[in-house]
Amino acid sequence: MLSDIDNNEEFSEAVGNVFVEGMKAPGNSLHSKSLPLFNALAQNSRAVPAWTLLIMIDTESRQMTVRGVLEQVLYNTSKDKLEPLLENILQMLKGDTRDLAIDLLQVCCTVKGGSKVTDWSKFKSPILDLLVASDVDLKPLWLLVATVVSKSDPITSKRLTEKVFQRFDEMMGQRMLVFCRLVGKSNNAYFQKWVLEEFVKYTPYGELD
Amino acid sequence: MINGRRINSLDEGRFDEIALAIVSLQQASLLTPSSKLDGIPRLNGYLVRRESKFIKVLESRLVEKNFRNIRELWLSIQLVKVLGLRFDNLAKVLDHFFMESLATKSDFRPSIIGTLLSLVSDDKNSVAYLDSLRKLDSSELESCLSDITFLEGLEMVLLKLSKYGASRMLLTLELPLKLETSRHLSHRLSCRIFHVRHTPFERHRSAYCCLLLI
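Residues numbered from 1 in each chain as written. Chains lettered and ligands numbered in written order. Predicted model: local features only at pLDDT ≥ 70, side-chain atom pairs only at ≥ 80, totals over all residues.

This next bit is on the overall build of chain B. Counting its regular elements, chain B contains 12 helices and two strands. Overall, chain B shows an N-to-C arrangement of helices and strands of α-α-β-β-α-α-α-α-α-α-α-α-α-α. Split into buried and exposed, the 214 residues of chain B put 35% on the buried side. Partitioning the intrachain contacts of chain B with sequence separation of at least 6 by distance along the chain shows that 73% fall at a separation of at least 24. (Helix = DSSP H or I, 4+ residues; strand = E, 2+ residues; numbered from the N terminus. Buried ≥ 20, exposed ≤ 12 C-beta atoms within 10 Å, placed from the backbone. Contact = placed C-beta atoms within 7 Å.)

In C-alpha cells, the structure reads:
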C-alpha cells in the first residue's frame, strides 16, 4: 500500500486512517497489536537508497503518512496509554529508522504543546547519544534537542541543558547559537533560567590560562 | 574545574563566535543591555568574571584598538553595551572610536555612532558628542537617521541633557536636514524626550517649536 502512495494525498490519508483505526482500542487506549503495526509502517517508509529523485519523493510521502498516523494516534489516545509507543519510537533511534524517529519524536513533543509526554527524562539519554553521533542530520536533531529542553519538566530541561553545553566543548560554533535561539524563542523563561546560566558559564567565566 | 577547562581553550576564533552569539541573542531580544552603573559585566543579571579570558580579550582589543576591520569594532562596542562593561580609560577609548567613526565611511558607521551615543556617561560628553555630529554633512546625517540604533542612541543622549539643551541640540541637528527627515525626527524624538521626563514639558516643547519656526 505504501509503495502506491506516491503523491496521492487522498490515498495517503486513506492508508493513514487504516493504520490509525488498526492501532485504536476502546477507552482512548492502544490496541495490543499497535506497536508491531506502527513498526511495520515505519520500517516500510524508511529511506531507501536514493537512486533517483523519484524514489526520494516517494520516501518523503511515505514518511508524511507515518507522521500523520502518529499525530492522529497522539490526539486520540490518553497520555497515560501512550508511554509504550513513545518508548518504541525512542528505540527506533538505534536502528536504521533513526532519522524518521527524530522526526516522530518532534511530533510527540509538539502535539498539544507536548502535553502527551508524561516522562520527559526518558528523552535525555537517547538525545545525548545522538549528539555524539557524527552522521546525524543536524537541523532536525537540534530542533528536537531545543524542543525537548523547552517543553520538558524543569528538572529534565535543566539537566539536559547542562549536558548539552558540555557537548559544546567538542563541537562549538553555530550550533550553540541555534540551540540558544530556539529555546529562547519557544520558552523564554527556561532560556533565562538555565540556558543563559550555562551560556555564561561556558563563555565568560573561568580562569585565565 | 570544568568551566575553567572550557574557557582555557578559548582562542581568538572562539571569542568571535561567542561574541557573535551574544550580539545575536541581544538582537533577538533575548538579552537586554545591562542597566547597572557599577561597570561589572553581566548577561541579563548573570555575573561575568572580569578576570575571564573573554573579558580580557575584549578589553585588550578595545584598549589596543586592535581591530582587523570595522565589523570587529562594531562587535566589540555592542558587547560593551550588552554586558554593561566599564573599565579605566574606557571613556577615552570610546571618545577615540567616536571621532574615528565620524571620519570613516562604512555601512557600520550609523550603528557604531548610535551605540557610542548610548554609552555616553555624562552631560558634558553628551554635548561634545552631539556637537561632533555636526561634522557630518547633511546627506551623511540623513543616512544615519535611517538607522534605528543611531536614533536610539541619539534619543538616549538627548535624554541626558536639560530640556533646553535637548531642544537646542535637536534643532541644531535638524537645520541641515531635508524638511521631511526633519519632521520625522522632530516627531519621533521631541515627543519621546519631552514626554518621558514627566516634568512640565509643554513649555520646552513650545520653546522647541518656536525655535523651529525661527
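Next up on the list: the overall build of chain A. Assigned secondary structure in chain A consists of 10 helices and two strands. What you see in chain A, going N to C, is helices and strands ordered as α-β-β-α-α-α-α-α-α-α-α-α. Of the contacts made within chain A by residues no fewer than 6 positions apart, 71% connect residues no fewer than 24 positions apart.

Next up on the list: the nonpolar core. Among the nonpolar cores identified, the biggest contains 95 residues, and V183(A) and L116(B) are the most heavily contacted of them. Contacts of L116(B), omitting those with residues within four sequence positions, involve I77(B), L94(B), F97(B), F98(B), S101(B) and G153(B). (Core = buried A, V, L, I, M, F, W, Y, C linked by C-beta atoms within 7 Å.)

Residues other than glycine predominantly adopt negative phi, and peptide bonds predominantly adopt the trans conformation. The backbone of K112(A) sits at a positive phi, close to 50°, despite the residue not being glycine. The residue S29(B) is not glycine, and still its phi comes out positive at about 60°. In this structure, S29(B) sits in the loop between α2 (12–27) and β1 (42–43).

Before going further, it helps to spend a moment on the environment of D38(B). Residues and elements named next belong to chain B. One can find D38 in the loop between α2 and β1. The class of D38 is exposed, set by 9 C-beta atoms lying within 10 Å. For the pair D38 and F54, spaced 16 residues apart in sequence, the C-alpha separation works out to 19 Å.

Looking now at the packing of helix α6 (residues 121–132) of chain A against helix α8 (residues 154–167) of chain A. Each pair of packed helices can be described by the angle between their axes along with the distance between the axes. Residue and element names in this part refer to chain A. Packing of α6 against α8 leaves a shortest axis separation of 10 Å and a crossing angle of 10°. Here α8 runs roughly parallel to α6, going by the angle between their axes. Touching S121, K124, I127, L128 and L131 of α6 are T156, R159, L160, K163, V164 and R167, all from α8. Of the residues belonging to the contact of α6 with α8, the class tally is five nonpolar, two polar and four charged. (Axes fitted to C-alpha atoms, helices over the stretch in contact; angles between N-to-C directions. Parallel < 35°, antiparallel > 145°, perpendicular 65-115°, else oblique. Nonpolar A, V, L, I, M, F, W, Y, C, P; charged D, E, K, R; others polar.)

Here we come to the domain arrangement of chain A. Residues and elements named next belong to chain A. Assigned domains of chain A: these are domain 1 (1–115) and domain 2 (119–209). Opposite the 11 residues of domain 1 that make contact, domain 2 presents 11 residues. Residue contributions to the side of domain 1 that touches domain 2 peak at seven residues, all from helix α5 (residues 98–110). Of the residues assigned to the side of domain 1 that touches domain 2, the class counts are five nonpolar, three polar and three charged. (Domains from an automatic or database assignment.)

What follows concerns the packing of helix α5 (residues 90–103) of chain B against helix α6 (residues 109–118) of chain B. Residue and element names in this part refer to chain B. Two elements in contact, α5 and α6, have axes whose closest approach is 10 Å; the angle formed by their N-to-C orientations is 150°. Looking at the two axes, α5 sits roughly antiparallel to α6. In the crossing of α5 with α6, the sense of the turn from one axis to the other is left-handed. Judged by residue contacts, L94, F97, F98 and S101 of α5 engage R109, I112, I113 and L116 from α6. In terms of residue class, the contact of α5 with α6 is built from six nonpolar, one polar and one charged. (Left-handed = near helix turned anticlockwise from the far one by under 90°.)

What follows is about the domain arrangement of chain B. Residue and element names in this part refer to chain B. When its domains are assigned, chain B resolves into domain 1 (1–87) and domain 2 (88–214). Each side of the interface is counted separately: domain 1 has 12 residues, and domain 2 has 14 residues. Elements with a minimum of two residues in the side of domain 1 that touches domain 2: α3 (53–63) and α4 (70–83). Among the elements that take part in the side of domain 1 that touches domain 2, α4 stands out by supplying eight residues, more than any other.

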